[in-house]
Structure formats: C-alpha cells, structure tokens
Amino acid sequence: MKGKLAKFFSKFSSDKFPKDSEGRRLNEPKSEAVPKTPCPEPPLRTPREAPSEVAMRATEAALGRIAAQKIPHKTPIQRKIETENAQLKKQIHEAEQVAAQFQRTTVTSDTGGAIKSVLFSCPKLLGDEFTDSYDKVDAEIVKTLLEEAKNDPASAYTLLVIRNIASSPFPADVDPIDENTPDISVVREKRKNNLETIIRNLIEHPDKENFRRLRTGNKLIAELLQLEYGQKFFETCGFVETEETTATEDGSTSTKFLVFPAAPSEEQTCQLKEMLELLKSGEKIFPELVRGTTVFQASGTEVREFSHDDLPPEFFAINLEDFRRMRDSIRQVTSDKPLLTKASRDRLKKLNRRTFRYTLIRVRLPQNNLLIQAVT
C-alpha cells in the first residue's frame, strides 16, 4: 500500500505542489517561528461625497412613489363620505359656538322700549364693568373728569374741551343746508386748531403782548368760550378775564378781554406744552356702544301668525280710495318742502344719516316668547 502511494505522488512534479518548508515530524520539537515581515497598511479611504441636490430629489420622488403604492385606493363613494363628514363636523362646531354665546348671555325681562335696553360703556375711563344708558355713562364720564381736575386740572379740562369740540354744532348764524357751508367736521377741526394756535403763540412768543391778550368779542374766541368748560380751560392756561372801558363821542364802552398777565414762567410753559400735546393727540372720550347679542323675555301678548286664509281678499287689493290717499300724502310732503338744489339735498341727507348712531335689530320667537337683540 505504501509503495502504491509513493508511486502515485511521484508522478507529479514539484512545480505543481511546491514545498513551503522543510516540514517536521510529529515527535520533533517546534522550531522557532520565523518573523514575518509586516504587511504595509492599506491607504486611507477618502470619505464619500454628499449626494447632490438632484440625487436627493430623485430619492424623495422614489420614496413618495413607494409610499403611494402602499396607500389603498379610495373609491368615489368613500371620498364623498369623507367630505360629508368634514362638513358635518364644521356645522357642529359652529352650532356649539352659537350655543355657547347664548349660554353666556343673561336673559332679562323687557322693561318696554328698545332704546332703554341698549347699553353703553367707557372701558378706557370707567372700566368694562360699568354699563348703562348713553346719558348715564356720559354723565359718569364728566363726573370722573371733574374729580380728576382737582389733581390735574390741565389734563382734565383739556379732555373735556376735546369732548365738547367733537360734539359742538354749527354756529347759530350758519345754515347747515347752504351749499357754501363747510362740513361740520371742518368747523370742529378749525375750533381745535384755534385753541392750539393760542397756546402755541404763548409758548413760542411769550413776550408779545398781542398774543397774551384775547378780545372776548372776537367771533373765533366767542365760539371757544361758548363751549362747555371752555372758560375753565382758558383759566387753567393762565388767562384772566378783565374789562376795559373806552371813552367815545357817544359815551363810554366796555370791552372784555382774556389777558395773560405776564410772560409765562418755566412751570407755566411746561403745563402749556402738556396741554398742547394733549390737544393734538388726545382721544375723544365718549360712551361706546356695547355690541353683542342679548336675550330678553318678551312682555305682552304672544305673537299670532296670520295666514292668507285669515284675511279677506280685499286686504290685498288696492282700490281707488287707496290711490287717492297715497297721492294726497305725496303731494303734501312735496309741497311743504322748500326748493333745494341737488347739493343741498345731498347735504341734508348726510345730516339726517348722522342722526342715528347705531342700529338695533330684534327678532321675536313666538314659540318661547323670547326676544333676541343685536346692536350694530
């Protein structure tokens, strides 16, 4: 057997099976290991560059297509059901908001008269809690400003004059309907500018006596003095009312003046500057309408709903007497009116529109005899 194996391996050359070492027997001791030469370290790999923007967009598009394939396709019926559910949720949310608004509103008894039930307030001066009718809130504003005048008369009387200028009417000798009459806002602005000019002259030209001497008979000065608290305003500025007598051929005449005795001191100048600044930037303090929805318990008899069957046919027909009555009423209205130009008619309409400061809307519910009121 041994000879056959040796003969078999002898057929191959040493080139085909090279000998790496001499080899050793199993019972021979191990020879010292030959140190191996260290292999050179491989070169460091350069970091991969960040993907370009085009590659990123392509990747996102591919991921989006994969995600879209996973979403199940919705039928038209399913999409319609989802749309209806969204609309229903929106309607429920709006209904809850309206219900919450009515829950916050107090139901009060109707004392009669829509105007009495409208409330006003002045949050800037009186706070949000004080609400009442227009006249009572307006009186409370004046009372508060007069109390403040004890501590700061310059600011208090300036604000009172601003209020009165904003509500002042046309002069007595002016026709509001006349075409040449300026708008009431222009008249009020001129009055305010006149006050500013008087104070500015005292500040900028304290030594000029003609700026410290105002004749009360002057038309512009007389209009300012006719304002409520206008006299107090000039007294707070430092003016003193004097009367001078002048001898004439017919006798002696007396003329009243508002005189600033001397050039204003440094303290007076500071006060005048504060009043001038407040005249320019001060707000008009008036009662503000409390807007919102209020629910009232209606008084009186319940509302009856009429149908066409309850009324006779003659109720809906217009006969000859109705036409004559309508014609006579129109003639009477047109004959009593003076002849006006188009500009005068437009001005008159504008004045009539200013008569109404707000609009009150009431809806009566016959089922539970409630009144829903809104003010705009």
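Scroll up a little and you will see the structure.
What counts, and where the lines are drawn
- Residues numbered from 1 in each chain as written.
- Predicted model: local features only at pLDDT ≥ 70, side-chain atom pairs only at ≥ 80, totals over all residues.
- Heavy atoms only, no water.
- Axes fitted to C-alpha atoms, helices over the stretch in contact; angles between N-to-C directions.
- Helix = DSSP H or I, 4+ residues; strand = E, 2+ residues; numbered from the N terminus.
- Parallel < 35°, antiparallel > 145°, perpendicular 65-115°, else oblique.
- Contact = heavy atoms within 4.5 Å.
- Nonpolar A, V, L, I, M, F, W, Y, C, P; charged D, E, K, R; others polar.
- Pairing = 2+ DSSP bridges.
- Salt bridge = Lys/Arg side-chain N within 4 Å of Asp/Glu carboxyl O.
- Buried < 20%, exposed > 50% of the residue type's maximum accessible area, 1.4 Å probe, protein only.
- Left-handed = near helix turned anticlockwise from the far one by under 90°.
- Arc of directions from axis to C-beta.
- Polar contact = N/O pair within 3.5 Å; in protein donor to acceptor, adjacent residues only side chain to side chain.
- Core = buried A, V, L, I, M, F, W, Y, C linked by side-chain atoms within 4.5 Å.

## Concerning the packing of helix H9 (residues 230-237) against helix H10 (residues 266-281)
Part 1: Contact geometry for H9 and H10: axes closest at 10 Å, N-to-C directions at 140°. Judged by the inter-axis angle, H9 sits oblique to H10. Contact with H9, carried on its side by Phe-233, Thr-236 and Cys-237, involves Gln-271, Leu-272, Met-275 and Leu-279 of H10 and no other residues of that element.
Part 2: Broken down by class, the residue content of the contact of H9 with H10 amounts to 5 nonpolar, 2 polar and no charged.

## A look at the sheet that holds strand S5 (residues 240-248)
Part 1: Strand order in the open sheet formed by 3 strands is S4-S6-S5, and the pairing between neighbours is antiparallel. Pairing within the sheet leaves two strands with one partner each, and these edge strands are strand S4 (213-215) and S5. Ignoring which end each strand starts from, the neighbouring axes of this sheet average 40° apart.
Part 2: Here S4 runs beside strand S6 (residues 251-259); their pairing, made up of 3 bridges, is antiparallel. Pairing of Arg-215 across the sheet is with Phe-257, part of S6.

## Notes on the pattern of salt bridges
Part 1: Considering all chains together, one arrives at 9 salt bridges under this definition.
Part 2: Linking Arg-213 and Glu-244 is a salt bridge whose minimum nitrogen-to-oxygen distance equals 2.5 Å. With Arg-213 in strand S4 and Glu-244 in strand S5, this pair connects stretches of sequence that are 31 residues apart.
Part 3: Take Glu-244: its relative accessible area is 29%, and that puts it in the partly exposed class.

## What to know about the side chain of Arg-191
Part 1: Along the chain, the position of Arg-191 falls in helix H7 (residues 184-204).
Part 2: When residues no more than four places from it in sequence are discounted, the contact partners of Arg-191 are Ile-165, Ser-168, Pro-169, Phe-170, Pro-171, Glu-223 and Leu-224.

## Observations regarding the packing of H7 against H9
Part 1: Where H7 meets H9, the closest approach of the two axes is 12 Å, and the angle between their N-to-C directions is 15°. Considering the angle they form, H7 stands roughly parallel to H9. Crossing of H7 over H9 shows right-handed handedness. Contact residues: Leu-195, Ile-198 and Ile-199 in H7; Phe-233, Phe-234 and Cys-237 in H9.

## Concerning helix H8 (residues 219-226)
Part 1: Every buried residue belonging to H8 is among Ile-221, Glu-223 and Leu-224, and all of these are buried. Buried positions in H8, seen along its axis, are confined to an arc of 160° and lie on one side of it. With respect to the buried face of H8, the exposed residues turned more than 90 degrees away are Lys-219 and Gln-226.
Part 2: Elements that come into contact with the buried residues of H8 comprise H7, S4 and H9.
Part 3: The opening residue of H8, the one whose side-chain oxygen lies 2.9 Å from the backbone nitrogen of Leu-220, is Asn-218.

## Comments concerning unusual backbone geometry
Part 1: Backbone geometry places Tyr-229, a non-glycine residue, at a positive phi of 70°.
Part 2: Within the fold, Tyr-229 resides in the loop between H8 and H9.

## Let's talk about the nonpolar core
Part 1: Grouped together as the largest cluster of nonpolar side chains are 39 residues, with contacts concentrated most on Leu-195, Ile-199, Phe-233, Phe-234 and Phe-239.
Part 2: For this core, the secondary-structure elements that each account for two or more residues are strand S2 (120-122), helix H5 (134-148), helix H6 (153-166), H7, H8, H9 and H10.
Part 3: It is H6 that provides the largest number of residues to this core, a total of 8 residues.

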